[in-house]
Amino acid sequence: MTASLVDRVVRWNLDIDGDLYGDERERYRWYEGIATASALHSLLIPWAAAILVWPLGRAAVLPLAVVLVLLWGPMLLCSVYVARRKVDTTPRVWGTKRILMAALGVIPYAAFLVGALHAYDPAGDAWVGAIVGTLFGAMISVLIVAVKARRRQGREALTVDED
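Below: a short report on this structure. (Residues numbered from 1 in each chain as written. Predicted model: local features only at pLDDT ≥ 70, side-chain atom pairs only at ≥ 80, totals over all residues. Heavy atoms only, no water.)

**A look at the overall build of the protein chain**
Within the protein chain, the secondary structure is distributed over five helices and zero strands. Helices (α) and strands (β) of the protein chain occur, in sequence order from the N terminus, as α-α-α-α-α. Over its C-alpha trace the protein chain gives a radius of gyration of 20 Å, far above what one expects of a compact globule, namely 15 Å for 163 residues. For the protein chain, the spread of C-alpha atoms along the principal axes amounts to about 60 × 50 × 30 Å. In the protein chain, which comprises 163 residues, the share counted as buried stands at 18%. Considering only contacts in the protein chain between residues 6 or more positions apart, those separated by 24 or more positions represent 64%. Accessible area of the protein chain: about 12100 Å², with a carbon and sulfur share of 69%. Within the protein chain, one finds 17 positive and 15 negative side-chain charges whose respective centroids are separated by 4 Å. (Helix = DSSP H or I, 4+ residues; strand = E, 2+ residues; numbered from the N terminus. Rg over C-alpha atoms; globule rule 2.2 N^0.38 Å. Buried < 20%, exposed > 50% of the residue type's maximum accessible area, 1.4 Å probe, protein only. Contact = heavy atoms within 4.5 Å. Areas by Shrake-Rupley, 256 points an atom, 1.4 Å probe, with all protein chains shown as cover. Lys, Arg positive; Asp, Glu negative; His and termini not counted. Charge placed at Lys NZ, Arg CZ, Asp CG, Glu CD.)

**Points about the packing of helix 2 (residues 24–56) against helix 4 (residues 96–120)**
Remark: helix 2 packs on helix 4, axes separated minimally by 8 Å, with the N-to-C direction vectors making an angle of 25°. Of the possible angle classes, the one that applies to helix 2 and helix 4 is roughly parallel. Considering only the axes of helix 2 and helix 4, their crossing is left-handed. In this structure, helix 2 contributes Leu43, Pro46, Trp47, Ala49, Ala50, Val53 and Trp54 to the contact, and helix 4 contributes Met101, Leu104, Gly105, Ile107, Pro108, Tyr109, Ala111, Phe112, Val114, Gly115, Ala116 and His118. Tallied by class, residues from the contact of helix 2 with helix 4 come to 16 nonpolar, three polar and no charged. (Axes fitted to C-alpha atoms, helices over the stretch in contact; angles between N-to-C directions. Parallel < 35°, antiparallel > 145°, perpendicular 65-115°, else oblique. Left-handed = near helix turned anticlockwise from the far one by under 90°. Nonpolar A, V, L, I, M, F, W, Y, C, P; charged D, E, K, R; others polar.)

**Quick look at unusual backbone geometry**
For residues that are not glycine, phi is negative in most cases, and the peptide bond is trans in most cases. Phi at Lys86 is positive, roughly 60°, even though this residue is not glycine. Residue placement: Lys86 occurs in the loop between helix 3 (58–84) and helix 4. With a relative accessible area of 73%, Lys86 lands in the exposed category.

**Some thoughts on helix 3**
With 27 residues, helix 3 extends 39 Å between its outermost C-alpha atoms, agreeing within 8% with the 39 Å of an ideal straight helix rising 1.5 Å per residue. Every buried residue of helix 3 is accounted for by Ala60, Val61, Leu64, Leu68 and Leu71. Next to the buried residues of helix 3 lie helix 2 and helix 4. (Expected span 1.5 Å × (residues − 1).)

**Looking at the packing of helix 2 against helix 3**
Where helix 2 meets helix 3, the closest approach of the two axes is 9 Å, and the angle between their N-to-C directions is 165°. The orientation of helix 2 relative to helix 3 falls into the category roughly antiparallel. Helix 2 and helix 3 meet at a crossing whose hand is left-handed. When helix 2 is examined against helix 3, the residues His41, Ser42, Ile45, Pro46, Ala49, Leu52, Val53 and Leu56 are found in contact with a partner set consisting of Arg58, Ala59, Ala60, Val61, Leu64, Val67, Leu68, Leu71 and Met75.

**With respect to helix 4**
Taking 1.5 Å of rise per residue, 25 residues should cover 36 Å, and helix 4 covers 36 Å from first to last C-alpha, within 8% of that figure. Those residues of helix 4 that fall on the buried side of the exposure criterion are Pro108, Ala110, Phe112, Val114, Gly115, Ala116 and Ala119.

Next comes the structure, spelled out in structure tokens:
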């Protein structure tokens, strides 16, 4: 079976041969550090863009949007890779930490969009509409997550009953 482009990119980055990260133990420590840096980047960079678009205004919208897209691209690649590996990404439980991290990860993108719309037309209603749309989208997202969680719990209950 030929490796897809995603598989080749992942394999190159994992450095299985040890050229960059050393033996398996050292590589594991590097992966921990990289995962930590990635998690911090995925929070701090969007928050910086969401905050900076307000005082810097229209001139900052395009460069900050490019930064956010470049940050979001590898996150999308990661999601595609994990999904292709048949990993069930639906959380079993939505605890406080997961809710907090989800909110902290999504809010800055919405705040950036509202700030960008405000920068282009402060007197207009588009940025106010974006706030309303964000709230509506958040409600729909919560409903979708709840449905997926119930489906997963149902599947797991059936699996336990069959044993």
